[in-house]
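In case you want the letters, here they are:
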Amino acid sequence: MSRSAETGSVSSPVTADDVDLAVRLAVGVLRDAPSEGWGDKAGSLEWDCWETVEHLANDLLYYAVQLGPQSPPLDTHVPFALNRKRPDGPTVFVFAERTAGPAGLVQVLEACGALLVAMVRTASSEVRAHHAAGVSDPEGFAAMGVVETLVHMHDAAEGFGLAWTPPSALCSRVLARLFPEAPGGADPWRTLLWATGRAELPGHPRLTSWRWVSTPRP
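The model shown is predicted, which means the values in this text are computed figures rather than measured ones. (Residues numbered from 1 in each chain as written. Predicted model: local features only at pLDDT ≥ 70, side-chain atom pairs only at ≥ 80, totals over all residues. Heavy atoms only, no water.)

## Digging into the nonpolar core
No. 1: Counting residues in hydrophobic clusters, the biggest one holds 65 residues, and the most contacted among them are Trp38, Leu150, Phe179 and Leu192.
No. 2: Of all elements in the fold, only α1 (16–30), α2 (49–66), α3 (101–122), α4 (138–160), α5 (168–178) and α6 (188–195) reach the threshold of two or more residues within this core.
No. 3: Considering each element in turn, this core owes the most residues, 12 residues, to α4.
No. 4: Residues within four places of Leu192 in sequence aside, it is in contact with Val147, Leu150, Val151, Cys171, Val174, Leu175 and Phe179. (Core = buried A, V, L, I, M, F, W, Y, C linked by side-chain atoms within 4.5 Å. Buried < 20%, exposed > 50% of the residue type's maximum accessible area, 1.4 Å probe, protein only. Helix = DSSP H or I, 4+ residues; strand = E, 2+ residues; numbered from the N terminus. Contact = heavy atoms within 4.5 Å.)

## Remarks on the environment of Leu162
No. 1: Tracing the backbone through its elements, the reader meets Leu162 in the loop between α4 and α5.
No. 2: Residue Leu162 is classed as partly exposed on the basis of its relative accessible area, which comes to 28%.
No. 3: Separated by 67 residues in sequence, Leu162 and Phe95 place their C-alpha atoms 24 Å apart.
No. 4: Excluding anything up to four places from it in sequence, Leu162 contacts Val29, Ala33, Pro34 and Ala157.

## A short note on the side chain of Arg177
No. 1: Looking at the element boundaries, Arg177 is found in helix α5.
No. 2: Of the residues examined, Arg177 reaches a relative accessible area of 0% and is grouped as buried.
No. 3: A polar contact is formed between the side chain of Arg177 and the backbone oxygen of Ser214, at a distance of 3.3 Å.
No. 4: Polar contacts involving the side chain of Arg177 include one to the main-chain carbonyl oxygen of Thr215, which spans 3.1 Å. (Polar contact = N/O pair within 3.5 Å; in protein donor to acceptor, adjacent residues only side chain to side chain.)

## Looking at the packing of α1 against α3
No. 1: For the pair α1 and α3, interaxial distance at closest approach is 9 Å and the crossing angle is 175°. On the basis of the axis angle, α1 is roughly antiparallel to α3. Packed against α1, whose contacting residues are Ala16, Asp17, Val19, Asp20, Val23, Val27 and Leu30, the element α3 presents Val106, Leu109, Glu110, Gly113, Leu116, Val117, Val120 and Arg121 at the interface.
No. 2: Of the residues assigned to the contact of α1 with α3, the class counts are 10 nonpolar, one polar and four charged. (Axes fitted to C-alpha atoms, helices over the stretch in contact; angles between N-to-C directions. Parallel < 35°, antiparallel > 145°, perpendicular 65-115°, else oblique. Nonpolar A, V, L, I, M, F, W, Y, C, P; charged D, E, K, R; others polar.)

## A closer look at the confidence of the model for the chain
No. 1: Here the chain averages 94 in pLDDT, and 95% of its residues register 70 or above.
No. 2: Within the model, pLDDT remains below 50 along residues 1–8, and this stretch shows 22 contacts once partners closer than five positions in the same chain are excluded. (pLDDT = per-residue confidence, 0-100.)

## A look at the side chain of His131
No. 1: Inspection of the secondary structure puts His131 in the loop between α3 and α4.
No. 2: What makes His131 buried here is its relative accessible area of 13%.
No. 3: Of note is the side chain of His131, whose polar atom sits 2.9 Å from the backbone nitrogen of Ala133.
No. 4: In contact with His131, other than residues within four places in its own chain, are Tyr63, Phe141, Met144, Trp212 and Ser214.

## Things to note about the pattern of salt bridges
No. 1: This model, assessed by the stated rule, comprises 10 salt bridges.
No. 2: In this structure, the salt-bridge partner of Arg86 is Glu51, at a minimum N-O distance of 2.6 Å. With Arg86 in the loop between α2 and α3 and Glu51 in helix α2, this residue pair connects regions lying 35 residues apart in the sequence.
No. 3: The partner of Glu54 in a salt bridge is Lys85, and the shortest N-O contact between them spans 3.8 Å. Taken as a pair, Glu54 in helix α2 and Lys85 in the loop between α2 and α3 lie far apart in primary sequence, 31 residues in all. (Salt bridge = Lys/Arg side-chain N within 4 Å of Asp/Glu carboxyl O.)

## Brief notes about α3
No. 1: Taking 1.5 Å as the rise per residue, α3 with 22 residues should run 32 Å; its terminal C-alpha atoms sit 32 Å apart, in good agreement.
No. 2: Burial in α3 covers these residues: Gly101, Gly104, Leu105, Val106, Leu109, Cys112, Gly113, Leu116, Val117 and Val120.
No. 3: Buried residues along α3 sit against α1, α2 and α4. (Expected span 1.5 Å × (residues − 1).)

## Side note on the packing of aromatic side chains
Each pair of aromatic rings is reported with the distance of its centres and the angle of its planes.
No. 1: Going through the model one piece at a time under the given rule, you end up with eight aromatic pairs.
No. 2: Aromatic pair Tyr62 and Tyr63: ring centres 5.8 Å apart, planes at 70°, arrangement edge-to-face.
No. 3: Tyr63 gets classed as buried once you look at its relative accessible area, which sits at 3%.
No. 4: Site record: aromatic cluster; members linked through ring pairs are Trp38, Trp50 and Phe160. (Phe/Tyr/Trp six-rings, centres within 6.5 Å; stacked < 30°, edge-to-face > 60°.)

Here's what the structure looks like:
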């Protein structure tokens, strides 16, 4: 369970079902994305929509594999080789086949999400694995996967000109888990965008740098 820094109340944990929900919602939107928009810039990122969704799929798979070894490394990530297609593009270790088109990329995203769901659901809560923001547990990796999905879908949706507003309760749970110092009182989705450097909040300017707290909660 996570405790809100603002209210001291205990919030519900982030679960595999939350990852599943976030990915299903994202896939539903991306299936309706215009075919001509995949090469357009994704929101405030320097990546296009294809690169952003491909990066998201890699994030989910990356979190899944950290939980996979019997004794996960605590000082570095599981050593998959990372690559870039272009100097300013995202660093990934799995690429979607371009010849499969957007439908194939969305299927890759769906598959990577399913692997994270399975690992979070089956891993012991005592498992610990490396993350640059602090050694984390299955709930932490679930929360990170949800945040990656929600905010990168925000980026891609802006690029496509599509609406994207995830459930408030889902946003509240990942805020409590990863951003315990985030200000309260505002819309949870807007607050999550603020916490990840994508929006302003009343009385709080847009962040130029940010970092979540991935270490397990008491």
